[in-house]
Amino acid sequence: MARYGMALDYKNCINCKACEVACKEENGVLLGADKHRIWVGVKEIEGEFPLLSIASNTFMPSQCQHCEHAPCQEVCPTHATHYDENGVVRVDPDKCILCSYCMNACPYDARYVDDRTMTVDKCNFCSDTRLARGETTTACQATCPTKVRIFGDLDDPNSEISQVLRDREHFSLKPHLGTKPKLFYLI
Amino acid sequence: MAVEISRRRFLQGSVAMTVIGGMSMAPSNLFSNEKEHGELSITTKTGTGEAKFVPTLCEMCVNKCAAIARVEDGVVTKLDPNPMFPKSRNMLCPRGNAGIQALYDPDRLKYPMIRIGEKGEGKFKRVSWDEAYDAILNGTDKFPGLAKILDEEKDNRSTIFFCAGEGMAEHTFKTFYTGFGSSNWLNHASLCLRTVVSGYGVTLGAYPQADLENAEYIIMAGANRAEAIVTPDTMDFFKRTKGRGAKLICVDPRFTNTAAKADKWLPIKPGTDLAFVLALTYVVVMEELYDKAYVEKYFNGFKQYKNHLYAEEYTPEWAEKITGIPAEDIYEIARDFMKHAPKAVYYPGRRSTFAKNDFQLRRAMAIFQALGGGIDTKGGLVFGKKLPLKGHSAVAPMYAQAEGVDVARAKGKPGYSDCAIVSGGGSWIGFRNRILEGKSVYPVRGMFLYKHNPMMNMPNVEKTAKFLKGLDLIVTIDTMPSDTVMYADVVLPECTYLERTDPVKTFGGPEPSIAVRNKVIDPMYETKPVIDIMRGLTEKISKPLFEITKKYDEDVQDDIADRGEAEVYKEFDLTIPFEHSQEELNEHAVSGYPGAYEALCKHGVFYPKMEEYFKQVSANEHVYYPDDEKAYSVREGKPKTNSGKVECNLANIAKKGVDPMPTWRKEYEYHVPEGKFRMLTGRHAQFTQSGTANNVMLHDLIHENYIWINKRVAKKMGIKFGDMIEVSSEAGKTRLKAYPTEKIAPDQVFFIHGFGEESEALTWAYRSGGNDNAVIVDEIEPVYGGAVMHSTNVEIRKV
Ligand code: SF4
Ligand code: SF4
Ligand code: SF4
Ligand code: SF4
């Protein structure tokens, strides 16, 4: 029993997409440009050459936010989407009927359709691969060149993530929606 | 805070990779496993059961990051970063992660093949290894073999030339070249970092590393470390940018991902960096901001350089007109740099030659860096330490009939090289063009090519094709059916890096180590590592070729009369360097370090006291050496030149017509005619040139390259995102889709290198995007003959 979350030192991100490839290889995510559990949001730069706004060009690494009040879980008619014992938002492919309610409900656009199983898929914190083997990092964390991610148990006050969240300012995405994400962006 | 979180891909729009089913087949199914071909490759989810772990080194680019392969049921299911290697610091980039797809690429070369169609047509027949070796020696009805060629050329071994791309087994292949006795060796350097390595080499005595873990102020000009990943620089650096300890000045004509991390981005006019550095130097010298003690102690020719800067009036105001960078920025950067020196770095970079003045640019950069005293010191440029390895036996016979390198030394003679210095790796373009133009000193008739793709990597593809068609015998050793392999007479399939043990390598730097690429699984199909290929080939050809030497080489004839044939042959026996297995050679190489071989097998990495020093400090961080054991400073700042000084004025190269001091010349100014665009090329993080072009996973990330066109210009021309554009120049044409953006100047266009292969045997790479080298004009740089990549004007039109 844990309450898993992730802190992101997002300013380190160079938009290299190593995390995406590592996730795909680790978790057997389908190939295809639109099939991914993790991505980097990029904004088109503002200004006209040569007067461009450097600050406007941010890279926002993103994935399922593992909300404590997950809208996807609320709308799922079959309880395919559920919280597991570690607070990870999971999808049970055996129960999913691909009604796509959750895809519309997710404010973070975290979900996609796995064409092989015809079910919805998204980040599960490597729960059925790395965590199931007793590993303590996710594939996206381990591979990242600039070490954007810190994964760990938010309930354990001594965990690295708890410490970093105590020590550093951070924000979460779309907090006004009250979803209580467990992904924290470090300032 | 307004942030972009959309999962929509920025460049790809709606272009998703669809299932490849029903795609047209390559002319011969030799290239593809019929069952796998036409189906979407799949990723394998890692299991929770038993697994084997093998430490190896990545070969998806030149960095050689350490990886641990996870093998389940004989299948490689995952590559994880190996935290123990100081150079790669526990990371694998997207390409490193996608190495599995290189191993399981259905288009891989699987069997030895010999040509049955016309040269370049790509029609081959599958043969056994012995038949392939025999074809190399004796030819077929389609092409002559070595025996015939060398007999006709009277044992002039230099009629066969050798070339290799960068890689850990390059040395093994080169050992074969040395024994064979040709004088013509070409490596990728003249298409890559020749000028930067040499510019720093002659000025500081070595091509140094940059300590980006500790530098406080960094000028990164013409290097793009966010997209062209170099380890450990990329990892050390971007954790500290954006107001977190490292101030970054990014100088680049384009707004790159590195620019996005900069404190200041200066869009310089392409090819004018030399003027920028000269003006920085001018300010530092005039305002006496330099480290006087360092200059006093370690500079040669400082006074002359100073007088030269004054005489030529390399002021920021002068540079502003040439570079487009405001004079006040130049003043500010020069002063800030010296304020932070010696913890300031003018980043050396490692890239192709972009402009004709690149060698002088590198000299100017090295001198500017040294003025701040940031040489061989923490936070500056460092030489570091290297752990020496033991060598192994090689053969280097003397062939009296072998001519020297195919370059005439006397000016005006046919075959005279177009560059001042003939370096070990040669000038690829110079070599190709001399032969095409019939200026060769003697007939050059055959080539052995290892892991090298001149059809993609060298400007002017049309000329390369013509050149390849003109050769009598082409032998390629490769893993993929590249555009160049299509021109081969004999194709020898190498196994991928995950299927072989390579020569152990030592990695110098502040935290030196030795690392090895261990074989993860046995070679698939009938592929082999280069060392095995060399063993088989030399067993076949060594004796018969010696017979030809005996026939024409009077020295050998005399020698045999004296000592007997068996004794003489020992020196000509090409099989000797390949007698031992790679594992045995590696064990010998590190035998000076107790426990090293075992550590390398177990961890993939070794350095003395590793067990004591190596520590994990958090999930993401590791310590390799205690701070006071890091070799930041090994010579107390003393340059590695013979004189032990920074060489400002190189009188000896002046004799060869090269400026002895960095000088801006009128001819460096560049003009883009109305209606044309200066063509720029470059890299990004998900591809390594053409080498990864067919990797399905990477292809997924960037399906094809796009041409950057300034948004306002595109609008005027009626060009929208995704429109097909034809790009043309004097050299040729290519086609790719448009990406209108403000990240580029109105008179320039850009697209990344490595796309647009023409080999139909490459399911994913075939005609995806455009090939830059189809349009880049083959101009060479005057000192080393490096290919100049950024001096082509192109026209674009919507098609
Ligand atoms: S691996 Fe790290 S740096 Fe690369 S895109 Fe992912 S989060 Fe960004
Ligand atoms: S698509 Fe599947 S997981 Fe999503 S709401 Fe419907 S049943 Fe639940
Ligand atoms: S935590 Fe695991 S499943 Fe989630 S994005 Fe990272 S690698 Fe993929
Ligand atoms: S930088 Fe990437 S591709 Fe290059 S060696 Fe490292 S992991 Fe491999």
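Caption draft 1: Seen up close, the domain arrangement of chain B. Residue and element names in this part refer to chain B. When cut into domains, chain B gives domain 1 (3-26 + 110-192 + 391-494 + 529-574), domain 2 (52-103), domain 3 (203-382) and domain 4 (667-798). For domain 2 and domain 3, the distance between their C-alpha centroids amounts to 34 Å. Taken residue by residue, the interface counts 10 residues in domain 2 and 8 residues in domain 3. Carbon and sulfur atoms make up 53% of the surface buried where domain 2 meets domain 3, a total of about 690 Å² over both sides. Interface area lost by domain 2 to domain 3 is led by N63, K87 and R89, which between them contribute 60%. On inspection of domain 2 and its partner domain 3, the count reaches 2 salt bridges. Here D236 and R89 are joined by a salt bridge, their closest N and O atoms 2.9 Å apart. Joining domain 2 to domain 3, the criterion identifies 5 residue pairs in polar contact (both at pLDDT 80 or more).

Caption draft 2: Region of interest: the sheet that holds strand β29 (residues 793-798) of chain B. Spatially, 6 strands are ordered β24-β28-β25-β27-β26-β29 (chain B) in a closed barrel, and the strand pairing comes out mixed. Across the sheet, the mean angle from the axis of one strand to that of its neighbour is 45 degrees, orientation sign disregarded.

Caption draft 3: Structural detail: the packing of helix α3 (residues 129-138) of chain B against helix α17 (residues 530-552) of chain B. Residues and elements named next belong to chain B. Where α3 meets α17, the closest approach of the two axes is 10 Å, and the angle between their N-to-C directions is 45 degrees. As far as their axial angle goes, α17 and α3 are oblique. Considering the relative orientation of α3 and α17, their crossing is right-handed. Here W129, D130, Y133, D134, I136 and L137 of α3 lie close against α17, whose contacting residues are D532, I533, G536, L537, K540, I541, P544 and L545. Taken together, the residues of the contact of α3 with α17 break down into 9 nonpolar, 1 polar and 4 charged.

Caption draft 4: Quick look at the packing of aromatic side chains. All names here are of chain B. Counted according to the given criterion, the structure contains 51 aromatic pairs over all chains. Here F173 and Y450 contribute two aromatic rings whose centre-to-centre distance is 5.7 Å and whose plane-to-plane angle is 40 degrees, an arrangement assigned as tilted. Separated by 277 residues along the polypeptide, F173 in helix α5 (residues 170-180) and Y450 in strand β15 (residues 446-450) bring together distant segments of the chain. Comparing F173 with Y450 shows no difference in burial state: the two are buried.

Caption draft 5: The site of ligand 4, seen in detail. What surrounds ligand 4 is the set B:C58, B:M60, B:C61, B:N63, B:K64, B:C65, B:M91, B:L92, B:C93, B:R95, B:G96 and B:I229. In terms of residue class, the shell around ligand 4 is built from 8 nonpolar, 2 polar and 2 charged.

Caption draft 6: Region of the structure containing the pairing of strand β17 (residues 490-493) of chain B. All names here are of chain B. By the alternation rule, side chains of β17 split into V490 and L492 and V491 and P493, which are all buried. As paired strands, strand β4 (residues 113-115) and β17 are joined by 2 bridges and run antiparallel to one another. By the bridge assignment, M113 is partnered in β17 with V491. Relative to β17, strand β16 (residues 473-478) runs parallel, the two being bridged by 4 bridges. By the bridge assignment, D478 is partnered in β17 with P493.

Rules used in this analysis
Residues numbered from 1 in each chain as written. Chains lettered and ligands numbered in written order. Predicted model: local features only at pLDDT ≥ 70, side-chain atom pairs only at ≥ 80, totals over all residues. Heavy atoms only, no water. Domains from an automatic or database assignment. Contact = heavy atoms within 4.5 Å. Buried area = accessible area lost by both parts, 1.4 Å probe. Salt bridge = Lys/Arg side-chain N within 4 Å of Asp/Glu carboxyl O. Polar contact = N/O pair within 3.5 Å; in protein donor to acceptor, adjacent residues only side chain to side chain. Pairing = 2+ DSSP bridges. Helix = DSSP H or I, 4+ residues; strand = E, 2+ residues; numbered from the N terminus. Axes fitted to C-alpha atoms, helices over the stretch in contact; angles between N-to-C directions. Parallel < 35°, antiparallel > 145°, perpendicular 65-115°, else oblique. Left-handed = near helix turned anticlockwise from the far one by under 90°. Nonpolar A, V, L, I, M, F, W, Y, C, P; charged D, E, K, R; others polar. Phe/Tyr/Trp six-rings, centres within 6.5 Å; stacked < 30°, edge-to-face > 60°. Buried < 20%, exposed > 50% of the residue type's maximum accessible area, 1.4 Å probe, protein only. Near = heavy atom within 4 Å.

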